[in-house]
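Coordinates in review
Residue strings, one per chain:
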Amino acid sequence: MRFDARGEGKGTFLLLDPKLNVWGPAKPSDAKWSRGEGNSVTFSGPVEFMIGNVGRDAGTLVFKGKFATESLIAGEVEFSPLVGDRPSKSGTFKAIRAAGG
């Protein structure tokens, strides 16, 4: 997953998955970000994950983290599906600033 932050709290998500060669290249989706108190940051937006080779799981991905260093963010992530009566999935993440970013 790549998040490109832009000004005014806007950005894009881009799914980086080698399996997407079957479906064609991934397209970025609109996302947003905001700074919180201290060194906290949140970024979120709609995503679609592939399910095998027959479908996609659409939902909203929300990252809530803190800057551990100038180029490292760590925290919690939650995926909330848009369709069906399924619970959200959550976990932890670490993100690094891409070279030149």
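As a reminder, the structure under discussion sits directly above these lines.
Scope of this entry: the structure provided in the associated data block. (Residues numbered from 1 in each chain as written. Predicted model: local features only at pLDDT ≥ 70, side-chain atom pairs only at ≥ 80, totals over all residues. Heavy atoms only, no water.)

**A word on the overall build of the protein chain**
Selection criterion: Note on conventions: DSSP H or I runs of at least 4 residues are helices, E runs of at least 2 residues are strands, and numbering of each starts at the N terminus. Relative accessibility decides the category of a residue: with a 1.4 Å probe and only protein chains considered, values under 20% of the type maximum give buried, values over 50% give exposed, and everything between is partly exposed. Pairs of residues are marked as contacts when any of their non-hydrogen atoms sit within 4.5 Å. Using the Shrake-Rupley algorithm and a 1.4 Å probe, accessible areas are obtained, with residue cover drawn only from the displayed protein chains.
From N to C terminus, the protein chain includes zero helices and seven strands. Order of helices (α) and strands (β) in the protein chain, N terminus to C terminus: β-β-β-β-β-β-β. Burial analysis of the protein chain (101 residues in total) assigns 26% to the buried set. Taking contacts inside the protein chain between residues at least 6 apart in sequence as the whole, the part at least 24 apart equals 29%. Of the roughly 7,200 Å² of accessible surface on the protein chain, 54% is carried by carbon and sulfur atoms.

**Some details on the pattern of salt bridges**
Should their charged atoms come close, side chains of opposite charge can pair. Convention followed: Throughout this description, the term salt bridge denotes a Lys or Arg side-chain nitrogen within 4 Å of a carboxyl oxygen of Asp or Glu.
Across all of its chains, the model carries two salt bridges by this definition. Close ionic contact of Arg 2 with Asp 4 constitutes a salt bridge, the shortest N to O distance being 2.9 Å. Accessibility expressed as a relative area gives 37% for Arg 2, which makes it partly exposed. In this structure Asp 4 comes out as partly exposed when scored by relative accessible area, which is 23%. A salt bridge links Asp 57 to Arg 86; the shortest N-O distance between them is 2.8 Å. Here Arg 86 lies in the loop between β6 (72–81) and β7 (89–96) and Asp 57 lies in strand β5 (residues 55–69), a separation of 29 residues in the sequence. Take Arg 86: its relative accessible area is 40%, and that puts it in the partly exposed class.

**Remarks on unusual backbone geometry**
The general pattern is negative phi for most residues beyond glycine and trans for most peptide bonds. A positive phi is found at Glu 8, a non-glycine position, where the angle reads about 60°. Inspection of the secondary structure puts Glu 8 in the loop between β1 (2–5) and β2 (10–14).

**A short note on the packing of aromatic side chains**
Basically, it comes down to this: Ring pairs are drawn from Phe, Tyr and Trp, using the six-membered ring of Trp, whenever the two centres fall within 6.5 Å, and their geometry is named by plane angle: stacked under 30 degrees, edge-to-face over 60, tilted for the rest.
Summed over all chains, the structure comprises six aromatic pairs. For the pair Phe 43 and Phe 63, a centre-to-centre distance of 4.8 Å together with 15° between the ring planes defines the contact as stacked. Linking Phe 43 in strand β4 (residues 40–51) with Phe 63 in strand β5, this pair joins segments that are 20 residues apart in sequence. Linked through ring pairs, Phe 3, Phe 13, Phe 43, Phe 63 and Phe 93 together constitute an aromatic cluster.

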